[in-house]
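# Architecture and fold: a report
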Amino acid sequence: YNEGFPEARFDWEAKPAQEPNRVQLTYRITEGPQITVKRVLLSGYEFTKPSVIADQVQIQPGQPLREGEVVETQQRLYDLGVFSRVAIAPQNPEGTDTEKTLVVQVEEAKRYTLAYGAGIEVQRLGSGGDPVSGQVRASPRGLFEVTRANFLGRAHTVAFKTRFSSLQSRALLSYAAPPLLTRPSLAFLLTGLADRTRDVRTFTSTRYEATVQFEQ
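This write-up is about the structure you can find in this document. (Residues numbered from 1 in each chain as written. Predicted model: local features only at pLDDT ≥ 70, side-chain atom pairs only at ≥ 80, totals over all residues. Heavy atoms only, no water.)

This part covers the sheet that holds strand β3 (residues 36-43). The strand order β3-β5-β4 describes an open sheet built from 3 strands, whose pairing is mixed. Lying at the two open borders of the sheet, with one neighbouring strand each, are β3 and β4 (83-90). With strand direction ignored, the average angle separating the axes of adjacent strands in the sheet is 15°. Here 7 bridges tie β4 to strand β5 (residues 99-108), and the two strands are oriented antiparallel to one another. Across the sheet, the residue bridging to A89 is V103, located in β5. Sitting on the sheet, helix α2 (residues 67-79) touches β4 and β5, and the angle it makes with β4 is about 160°. (Pairing = 2+ DSSP bridges. Helix = DSSP H or I, 4+ residues; strand = E, 2+ residues; numbered from the N terminus. Axes fitted to C-alpha atoms, helices over the stretch in contact; angles between N-to-C directions. Contact = heavy atoms within 4.5 Å.)

In structure tokens form, the structure reads like this:
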């Protein structure tokens, strides 16, 4: 099947041999016609750039229609995280032509994800003179997150997450670019963080962070 023979058939037969405790095995392999790839068509995308899909397609025109390359192409496209469905099939599969046009049909997933919530945060604020005791403070707390997948049609992700109250407020902005430079093993992540926390009664701490990360 992996050499482009989708109609290959395999049969076997065992007969007793002249020697004791031995058999004679006969394998019968019927290859059938070899199917080659005439061309590859991309279909179903709306926001994704065609080059992003084409970079993940392992099926090569002029080569045998290998099942392993079909499976690997589906896996690579699903790994991008922007498609809810990927189907790869030849046009006119019942036809007798041994050169087939392969159609890579994708269905894009939702690009935006929203999360929000509200609650109450309770915390004991200590002091330098008596860290064991302290005041118990309560504050309303809110949460809001928005994620944009397939940013610019390149399978990149932008996310903004924030949690806020009078005791602690935090905002995080991230930009993720996997794969990087058309290589699935490389990824790029840019993150910015702002945090304002009140742990004691005397002062409030404010922290800003930024990270740039490359992964392999």
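Right, let's get into the side chain of S139. Here S139 shows up in strand β7 (residues 135-151). By relative accessible area, which is 3% here, S139 ends up buried. Side-chain polar atoms of S139 contact the side chain of S166, separated by 2.7 Å. The residues touching S139, leaving out its near neighbours within four places in the chain, are G119, I120, E121, S165, S166 and L167. (Buried < 20%, exposed > 50% of the residue type's maximum accessible area, 1.4 Å probe, protein only. Polar contact = N/O pair within 3.5 Å; in protein donor to acceptor, adjacent residues only side chain to side chain.)

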